[in-house]
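# A structural walkthrough
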Amino acid sequence: MAILITGGCGFIGSHTCIEMLAAGYDIVVLDNYYNASPIALQRVKELSGRDFPFYECDIRDEAGLRKIFAENKIDAVIHFAGLKAVGESVQKPLEYYDNNVGGTVTLCRVMAEAGCKRMIFSSSATVYGMSNPSPLLETYHTGEVTNPYGRTKYIIEEILKDVCVSDPAWSVVLLRYFNPIGAHESGRIGENPNGIPNNLMPYISQVAIGKRPFLSVFGDDYDTPDGTGVRDYIHVVDLAKGHVRATDFALKNTGAEVFNLGTGKGTSVLELVKTFERVNGVAVPYKVTPRRPGDIATCYSDPHKAEAVLQWKTEKTVEDMCRDTWRWQSQNPNGFEE
Ligand code: WQD
């Protein structure tokens, strides 16, 4: 019994490979290296002490996908592969719909042909849009998304629910991530953004290591305790372990099920900056700048459904996230580039 992990060389994918192997699963990894490095996979093998099949393949490549299912007995797919930059999606919507939505449709078709009808999908809290109040519940309405990237996540969720209605043999688990940060405790793998980081934590760590002069804090006039944006930061290792539990669940059930993967706690931008400085003994200079269009003041999860149904709960603290991020960044100043 093997689990195919698409996008397995990426930030969350590589951490999930390690936890899946540790849980006793056999894995097969697919990646097109668009936003990932082969070095990440080498380090996954080093850290896990295991080898496994890898295919350099695009999820839109039907023949390439068929080859994977012909050569391996795949019982479920954990589907990470996709473009994920919010700003870029506004500039290149067709690329995002073709890759994320078109690619997922192709993947599902090949899966069904091969008799593999179980998928754990990498969705996002972004599908909750701007108007739902935090803490966010899985039953809240979705779809009022403000960018093409988030809309691809919403559309794929709807496609997968429709597939389950059309064929009750399908088992689909939709995982809505909040804000994944941190790194494996070894410091050997971590978040490796291309170019200027869009997200807060990789930007903080690049300022701390001297790669960027200062952090721009996007607004301090929100209706939050210190005026800066509040988010539900979740350690990427906790997130990866959530995928193990979701796979266990998908293999025992049918139909579509949604779960928030978050801590249920909110942390502000300035709280994260101060915690990072304190636990690592480094300085993170910042300047307050105008709000970033599309940002909301507060977003955090109600994680009780995953705790009750998947028997999964986050264990790591914001301090762990800051410490582990810094270890990765300081040991790998240029990410996976040598
Ligand atoms: C967090 C907070 C910013 C950068 C995004 C995607 C979402 C998901 C997670 C994939 C906000 C502030 C940020 C900076 C700042 N990704 N910030 N200066 O926007 O909550 O969510 O990543 O699924 O889809 O939208 O994360 O890290 O960009 O921002 O002040 O340089 O940090 O305003 O309050 P976000 P983020």
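In short, a report on the structure. (Residues numbered from 1 in each chain as written. Predicted model: local features only at pLDDT ≥ 70, side-chain atom pairs only at ≥ 80, totals over all residues. Heavy atoms only, no water.)

## Observations concerning the site of the ligand
Around the ligand there are 18 residues in total, and Y149, L200, S216, R231 and D295 lie nearest to it. A distance of 3.0 Å separates an oxygen atom of the ligand from a polar atom in the side chain of S124. Contacts to the ligand include L200, whose backbone N or O atom sits 2.8 Å from an oxygen atom. About the coverage of the ligand: the protein hides 87% of its 680 Å² of free accessible area. It is strand β8 (residues 215–218) that provides the largest number of residues to the shell around the ligand, a total of 4 residues. Considered class by class, the residues forming the shell around the ligand number 8 nonpolar, 7 polar and 3 charged. (Near = heavy atom within 4 Å. Polar contact = N/O pair within 3.5 Å; in protein donor to acceptor, adjacent residues only side chain to side chain. Areas by Shrake-Rupley, 256 points an atom, 1.4 Å probe, with all protein chains shown as cover. Helix = DSSP H or I, 4+ residues; strand = E, 2+ residues; numbered from the N terminus. Nonpolar A, V, L, I, M, F, W, Y, C, P; charged D, E, K, R; others polar.)

## Examining the environment of R292
Looking at where R292 falls in the secondary structure, it is placed in the loop between β13 (286–289) and β14 (298–299). Distance from R292 to V217, taken between C-alpha atoms, is 9.3 Å for residues 75 residues apart in sequence. R292 has contacts with N198, F218 and Y222, leaving out every residue within four places of it along the chain. At a separation of 3.2 Å, a polar atom in the side chain of R292 contacts the main-chain carbonyl oxygen of N198. (Contact = heavy atoms within 4.5 Å.)

## Some words on the packing of helix α9 (residues 269–280) against helix α11 (residues 318–331)
Taken N-terminus to C-terminus, the directions of α9 and α11 make an angle of 65°; their axes are 9 Å apart at the nearest point. Classified by chirality, the crossing of α11 by α9 is right-handed. From α9, L272, T275, F276, R278, V279 and N280 reach across to α11, where they touch V318, E319, C322, R323, T325 and W326. Along the lines of polarity and charge, the residues of the contact of α9 with α11 split into 6 nonpolar, 3 polar and 3 charged. (Axes fitted to C-alpha atoms, helices over the stretch in contact; angles between N-to-C directions. Left-handed = near helix turned anticlockwise from the far one by under 90°.)

## With respect to the state of the cysteines
Under the defined criterion, the tally for this structure stands at 0 disulfides. C17 forms no disulfide, and the closest cysteine sulfur to it belongs to C9, at a distance of 7.2 Å. The thiol of C299 is unpaired, and the distance to the nearest cysteine sulfur, on C322, comes to 18 Å. With a relative accessible area of 10%, C299 lands in the buried category. (Disulfide = S-S within 2.5 Å. Buried < 20%, exposed > 50% of the residue type's maximum accessible area, 1.4 Å probe, protein only.)

## What about empty space enclosed by the protein?
In the structure shown here, the tally under the stated rule is 1 cavity of 30 Å³ or more. Taken as a whole, the largest cavity holds about 40 Å³ of empty space. Contributing to the lining of the largest cavity are H79, A81, G82, N100, T104, F121, T152, K153 and I156. Counting only elements with at least two residues in the lining of the largest cavity, the list comes to α5 (93–113) and α6 (148–166). No other element matches the 3 residues that α6 contributes to the lining of the largest cavity. Residue composition of the lining of the largest cavity, grouped by class: 3 nonpolar, 5 polar and 1 charged. (1 Å grid on protein atoms, 1.4 Å probe; cavity = no way out; pocket = protein on both sides within 12 Å on 5 of 7 lines; lining within 4 Å. Points joined across faces, edges and corners; volume = space filled by probe spheres on them.)

## So, the sheet that holds strand β9 (residues 230–231)
As summarised here, the arrangement of the 3 strands in space is β12-β9-β14, forming an open sheet in which the pairing is mixed. Looking at the sheet topology across the chains shown, the edges are occupied by β12 (267–268) and β14. The pairing of β9 with β14 spans 2 bridges and is parallel. When the bridges of β14 are listed, R231 appears paired with C299. (Pairing = 2+ DSSP bridges.)

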